Amino acid sequence: MWNQHQIETAKNAIRVELGQQSDPNNPQRALWYALEKIQATEEEISPQAQLERYIYVVSALVHHAHFGGLKPKQIEKLIGLAEAILALQGIRPNSSKLGFLYGELYLAVSQIQTQQGQHWDSIWGQQLSFYLSQRAPTGGKGFQALTLAIRALRLGHAELALKQLAVAEKLGLVMNYQARAELERLKALRLSGSLKAADSRSRKAKQELHASAAEIHELDWEDICRTVTRTQDVTGLLQAVQKKDSPHHRATYLCEAFLWTRIVKSRECLKRFPTARSLARDPHISVKGSQLYPWV
């Protein structure tokens, strides 16, 4: 049976391997590489080969959660394959020192469900993941609290999300997740009506956190959304999404802007924004690929 050191060594090696395959202009390259590796090790039955195959499977699922690229049938087969590998190695859920591997798998599935808008399934999967990996929770207990907060917020439970974010902050998060946690807190504060608190935390986040470019764009978007909430004026929001060189001229932001034009009091803005059908016809932006598109 595998041991903890063997697992971590294999994970680190494959993480480096997949990192070498990453390409900002072609996010699917690393996914295709992982799928090729899974196929290439199909006939290898040694414990080490099966461990590596399991890690490639989970890596492919996590990659899909972030960038897409898999079909529903492929996702289903990969999940079944990962479960079969663990079972063949004699690893049982919640009854082994290595049961956390099931937790890692189901957390990846939960991430996919979040991206697909299946939020009830996602929060169930996250809780199942935590239950199966209590001895060694994936990412630590602070990270688990953050993932629960994200899923609670997707279901509209802003107060629960804020409580879990406080837990995550207390338990500690690695630097990579601190900006994401603050972003989720800003969303929860806005949705619960605490706009002044969100204003002050937003300024602090931009000054102190090592946020990525994408996270900075999200923080700026939250500033815009708070302005719309206060003024019921979507002028700044429409300017942000309609400029071709704007970081917010993307499918998800365009869909969200469309929904904003439908909920503010003024009807004048309806004349200043394309219809959903017009957005879908734009060949440069795959609006239909956004999980918000079914609602526009």
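Heads up: the structure comes first, above all this text.
Given the structure is predicted, the values throughout are model-derived calculations rather than measurements. (Residues numbered from 1 in each chain as written. Predicted model: local features only at pLDDT ≥ 70, side-chain atom pairs only at ≥ 80, totals over all residues. Heavy atoms only, no water.)

### Digging into the pattern of salt bridges
Working definition: two side chains of opposite charge can pair if their charged atoms are close together. Inspection of the entire model under this criterion finds 15 salt bridges. With a shortest N-O distance of 2.9 Å, E222 and R190 are connected by a salt bridge. In this pair, E222 is assigned in helix α11 (residues 213-231) and R190 in helix α9 (residues 175-191), connecting sequence segments 32 residues apart. The residues E222 and R190 share a single accessibility class, namely buried. What emerges from the salt-bridge pattern is a single network uniting R154, R180, E184, K187 and E218. (Salt bridge = Lys/Arg side-chain N within 4 Å of Asp/Glu carboxyl O. Helix = DSSP H or I, 4+ residues; strand = E, 2+ residues; numbered from the N terminus. Buried < 20%, exposed > 50% of the residue type's maximum accessible area, 1.4 Å probe, protein only.)

### Details of the nonpolar core
As a rule of thumb, soluble globular proteins bury nonpolar side chains together. Grouped together as the largest cluster of nonpolar side chains are 36 residues, with contacts concentrated most on W2, Y54, L61 and L101. For this core, the elements supplying multiple residues, two or more each, are α1 (4-21), α2 (28-40), α3 (47-67), α4 (72-88) and α5 (100-115). With 9 residues, α3 is the single largest residue contributor to this core. Excluding residues that lie within four positions of it along the chain, L101 makes contacts with W2, I7, Y54, L86 and I91. In terms of nonpolar packing, the next biggest core, distinct from the first, is built from 21 residues, L107, L146, A198 and A205 among them. (Core = buried A, V, L, I, M, F, W, Y, C linked by side-chain atoms within 4.5 Å. Contact = heavy atoms within 4.5 Å.)

### Some details on the environment of Q144
Assignment of secondary structure puts Q144 in helix α7 (residues 141-154). Residue classification places Q144 among the buried positions, given a relative accessible area of 3%. It is 9.1 Å that separates the C-alpha atoms of Q144 and S129, two residues lying 15 residues apart in sequence. Dropping the residues within four chain positions of it, Q144 is found in contact with L107, Q126, S129, F130, P137 and T138.

### A look at the state of the cysteines
What makes a disulfide is a covalent bond joining the sulfur atoms belonging to two cysteines. What the rule picks out here adds up to 0 disulfides. Cysteine C225 shares no disulfide, and the gap to the nearest cysteine sulfur, in C255, comes to 14 Å. (Disulfide = S-S within 2.5 Å.)

### Points about the packing of aromatic side chains
In this description, a pair of aromatic rings is defined by centroid distance and the angle of the planes. The final tally for this structure, using the stated rule, is 4 aromatic pairs. Centroid distance W2 to Y54: 6.4 Å. Interplanar angle 40°. Geometry classified as tilted. Placement of W2 in the segment before α1 and of Y54 in helix α3 is noted, with a sequence separation of 52 residues between them. Neither W2 nor Y54 differs from the other in exposure class; each is buried. Between the aromatic rings of Y102 and Y106, the centroid separation amounts to 6.4 Å while the plane-to-plane angle is 35°, which identifies the pairing as tilted. Of this pair, Y102 and Y106 both sit in helix α5, separated by 4 residues, roughly a single helical turn. There is no split in this pair, since Y102 and Y106 are both buried. (Phe/Tyr/Trp six-rings, centres within 6.5 Å; stacked < 30°, edge-to-face > 60°.)

### What to know about the packing of α7 against helix α8 (residues 158-171)
Each pair of packed helices can be described by the angle between their axes along with the distance between the axes. With their axes 8 Å apart at the nearest point, α7 and α8 run at an angle of 165° to one another. It follows that α7 is roughly antiparallel to α8 by the angle criterion. In this structure, α7 crosses over α8, and the sense of that crossing is left-handed. Taking contact as the criterion, the partners of K141, G142, A145, L146, L148, A149, A152 and L153 in α7 are, on α8, A158, L160, A161, Q164, L165, V167, A168 and L171. (Axes fitted to C-alpha atoms, helices over the stretch in contact; angles between N-to-C directions. Parallel < 35°, antiparallel > 145°, perpendicular 65-115°, else oblique. Left-handed = near helix turned anticlockwise from the far one by under 90°.)

### Observations regarding the packing of helix α10 (residues 195-208) against α11
Contact geometry of α10 with α11 gives a least axis separation of 11 Å together with a crossing angle of 160°. Considered as vectors, α10 and α11 are oriented roughly antiparallel to each other. The hand of the α10/α11 crossing is left-handed. Between α10 and α11, the residues in contact are L195, K196, A198, D199, S202, A205 and K206 and L219, D220, D223, R226, T229 and R230, respectively. The residue makeup of the contact of α10 with α11, split by class, is 4 nonpolar, 2 polar and 7 charged. (Nonpolar A, V, L, I, M, F, W, Y, C, P; charged D, E, K, R; others polar.)

### Description of α7
Here α7 is 14 residues long and its end C-alpha atoms lie 20 Å apart, about the 20 Å a rise of 1.5 Å per residue gives. Summarising burial for α7: 12 of the 14 residues are buried, a large majority. Residues G142, F143, Q144, A145, L146, T147, L148, A149, I150, R151, A152 and L153 constitute the buried set of α7. In this fold, the buried residues of α7 make contact with α5, α6 (119-132), α8 and α9. At the exit of α7 stands G156, carrying a positive phi of roughly 90°. (Expected span 1.5 Å × (residues − 1).)

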